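Next come the chains, spelled out residue by residue.
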Number of protein chains: 2
Amino acid sequence: MASDSKPTINDVARIAEVSKKTVSRVINKSPLLSEKTRKRVENVIADIGYVPNPQARALALRRNFVIAAIHDNPNAQFLVNVQQGVLDGLAGSDFNLMVKPVDRKSPNITEDIRDFLERQRPYGVVLLPPISENDEIARLCDDLGCRYVRMGSVKLDEAEHTVSSNDREAVREAVSYLIKKGHRRIALIEGPSGFTSPQERRAGFEEAMAAAGLEVDEALVRPGSYTFESGVSAGQALVELENRPTAIFACNDEMAIGAMIAARRSGLLIPEDVSIVGFDDTPLSSHVWPSLTTVRWPIVDMARTAAKKLISPEDAEANATWLLPSALIERSSVVPPTV
Amino acid sequence: MASDSKPTINDVARIAEVSKKTVSRVINKSPLLSEKTRKRVENVIADIGYVPNPQARALALRRNFVIAAIHDNPNAQFLVNVQQGVLDGLAGSDFNLMVKPVDRKSPNITEDIRDFLERQRPYGVVLLPPISENDEIARLCDDLGCRYVRMGSVKLDEAEHTVSSNDREAVREAVSYLIKKGHRRIALIEGPSGFTSPQERRAGFEEAMAAAGLEVDEALVRPGSYTFESGVSAGQALVELENRPTAIFACNDEMAIGAMIAARRSGLLIPEDVSIVGFDDTPLSSHVWPSLTTVRWPIVDMARTAAKKLISPEDAEANATWLLPSALIERSSVVPPTV
DNA sequence: ACGCGCAATGGCACCGGTGTCAATAAATAA
DNA sequence: TTATTTATTGACACCGGTGCCATTGCGCGT
């Protein structure tokens, strides 16, 4: 029953009594073919169950059908969302997704990635934040002639290679929302320094405060590193303050939830004593109690757009959009201050 | 500065004044080569920055260097852990990881996967649970001559193609732990029916109860689907019981946390009023309050072992181990019953 | 000195597709 | 009717490696 080995284009050609080239034309849907031969060849293909060999195609075309996602982001949900988005964007095409994690702390990331690109030669790569902000990597892709798209926060404003979210505006909106609810003493838990997205988020925070004529109290701004633990310590420091904030904006959900737990440990009620807002809208945020009001980061859309940009450079729509909107998701971790 | 295009094996051969075949021998570390020519060729390779073309190799060897992870599991943390494990197992080899998600609810999963395998022709695939339990898929791999490893719970006991965890024993241990703490009315939130792992976990539960001479109260056994929401509803039903349980064992962490939230909504304190134990040891479990006592599922190890089985069939160690141990992680969601 | 075995290398076809261009047949123009 | 397009198809080299087998050079036993 089982076949000795896969039928090749030669088998099809022989059986259909045409040349390989003609078969090639059929599988590539070339228009210069008589309807008659096309049918005949298609029947043979179906009969013997021929499937073109991607390796051979890749060799002949000097272009394989692999998109790689390069990341150094340890957040599981983020990663899975990106993968899903990229796969959405790739759906219906011949492309497949390869994942390449790199060690953020390794001193030879660049070499590692160069090695990967040279060996695997993906057709294109999606660079996920935060490594997408590394200009050296982008330059490397250029040098190696590898298509790439960088995902990030606005600022990487080179439309051809970029898909961004407008974090600044999103945070401005979220903080304005807190202010509208009546909060005045609003704390900020920052993201790791040295990257664009935390900077943008901080800028949005400052803009919202400024727009409402409020001053940013530096005592209410705590560093964080996007990890749960850093949220816990920042949150703890904040609630132990003599004049504690009535609301906390954390630059991502994990830290927001960390802060929530820290507040609760100190005996505070949420949201009555402290309102909390996060950023990302991970599933986590609706799984905690109270559920977390947060900013939905359009990460899946960004990833889908990035993938489309890579594989269909002619798709005007994909290539026009490079800045995607965020949205505030109201849940139950915010109420007006009770003081 | 930039190269017109990548140097090929022909360039190396010409410059080093040897045949392509000799260069091929050098890059494949063939032993039948004089030290002198090897050095010379290696120098040329380094000089011009030659990297072998994987597509050409794949074509000639009729074997590419891609391992695919096929999954239909929506859990982000699980997925990322598996990916990490597989990549660990692949580290140092020429292999790369491709991800292929499939839609669990789609009626033509098999066709979808067949299409993927025929087109992409990965060297091997790792089947993640729950789709790993689908015998049809395994048979498909056999038919297509594609190496595969199924990850699962014990029962798929075909050592060559399987890497498992002993869920039954792990649950037995966890429930015995609850019993040792003094609990008698212990509830179970099950996983989705029709899969091995929930069955095994349930069996472990029953064994532990039986071993302690306790009877399983069917009113305390609630269905679940491994989702947070199903944990909430099961938990709610349990705490609203007239004679509510003093401890709940949930078949995964998400449901355990759902149950936790349901209990809290009903005004119960955790762990004082209800102790809770989960399964998986996701990061989530240490991020909730109180932190969740749970069973560590050796998923990363399983995935690493699976990858090794695929790429180095000669690795005796990888091929001997197909059953990996779990471990109980004690955190703060369990105390003796206060009644 | 001669034949032999072995180590080191080369030659060439082949893996399974695609690009280029020529060849043929059919259709249209002159 | 014949020259000229135009629509279809084929021949053949090539993409960049590897497998198989032939060839060459050299140390060695006799």
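Residues numbered from 1 in each chain as written. Chains lettered and ligands numbered in written order. Predicted model: local features only at pLDDT ≥ 70, side-chain atom pairs only at ≥ 80, totals over all residues. Heavy atoms only, no water.

J.: Got a minute to help me understand the packing of helix H10 (residues 228-239) of chain A against helix H11 (residues 253-265) of chain A in this structure?
T.: In helix packing, the relevant descriptors are the interaxial angle and the interaxial distance, both defined with respect to the helix axes. Residue and element names in this part refer to chain A. For the pair H10 and H11, interaxial distance at closest approach is 7 Å and the crossing angle is 45°. One element, H10, and the other, H11, form an angle in the oblique class. For H10 against H11, the interelement crossing comes out right-handed. Here H10 contributes Phe228, Ser230, Gly231, Val232, Gly235, Gln236 and Val239 to the contact with H11, which in turn contributes Glu254, Met255, Ile257, Gly258, Ala259, Ile261, Ala262, Ala263 and Arg265. In the contact of H10 with H11, the residues fall into 9 nonpolar, 5 polar and 2 charged. (Axes fitted to C-alpha atoms, helices over the stretch in contact; angles between N-to-C directions. Helix = DSSP H or I, 4+ residues; strand = E, 2+ residues; numbered from the N terminus. Parallel < 35°, antiparallel > 145°, perpendicular 65-115°, else oblique. Left-handed = near helix turned anticlockwise from the far one by under 90°. Contact = heavy atoms within 4.5 Å. Nonpolar A, V, L, I, M, F, W, Y, C, P; charged D, E, K, R; others polar.)

J.: What exactly am I supposed to notice about the sheet that holds strand E7 (residues 221-222) of chain A here?
T.: Sheet strands pair by backbone hydrogen bonding; their relative direction is either parallel or antiparallel. Residues and elements named next belong to chain A. What the 6 strands build is an open sheet, ordered E7-E6-E8-E9-E10-E12; its pairing is mixed. The open sheet has two free edges, formed respectively by E7 and strand E12 (327-329), since each of these has just one partner strand. Bridge count between strand E10 (residues 293-296) and E12: 3 bridges; the pairing is antiparallel. Along E12, the bridge assignment pairs Arg296 with Ala327. Those strands touched by helix H8 (residues 167-180) are strand E6 (186-189), strand E8 (247-250), strand E9 (275-280), E10 and E12, and its axis lies near 165° from that of E9. Across the sheet, helix H9 (residues 196-211) is in contact with E6, E7 and E9; its angle to E6 comes to roughly 170°. (Pairing = 2+ DSSP bridges.)

J.: Would you explain the domain arrangement of chain A in this entry?
T.: As a measure of interface size, the accessible area lost when the parts come together is often cited. Taken as a whole, chain A is organised into domain 1 (9-52), domain 2 (61-166 + 299-326) and domain 3 (167-297). Between domain 1 of chain A and domain 2 of chain A, the C-alpha centre-to-centre distance is 36 Å. (Domains from an automatic or database assignment.)

J.: Sorry, what's going on with the relation of the copies chain B and chain A here?
T.: There are two copies of the chain, and a rotation about an axis plus a shift along that axis relates them. Aligned on chain A, chain B shows an RMSD of 0.1 Å; the corresponding rotation is 180° and the shift along the axis is 0.0 Å. Viewed as a symmetry operation, the transformation between the two copies matches a two-fold axis. When C-alpha positions in chain B are compared against the rotation axis, the closest is assigned to B:Met98, at 2.1 Å. (Least-squares fit on C-alpha atoms with pLDDT ≥ 70 in both.)

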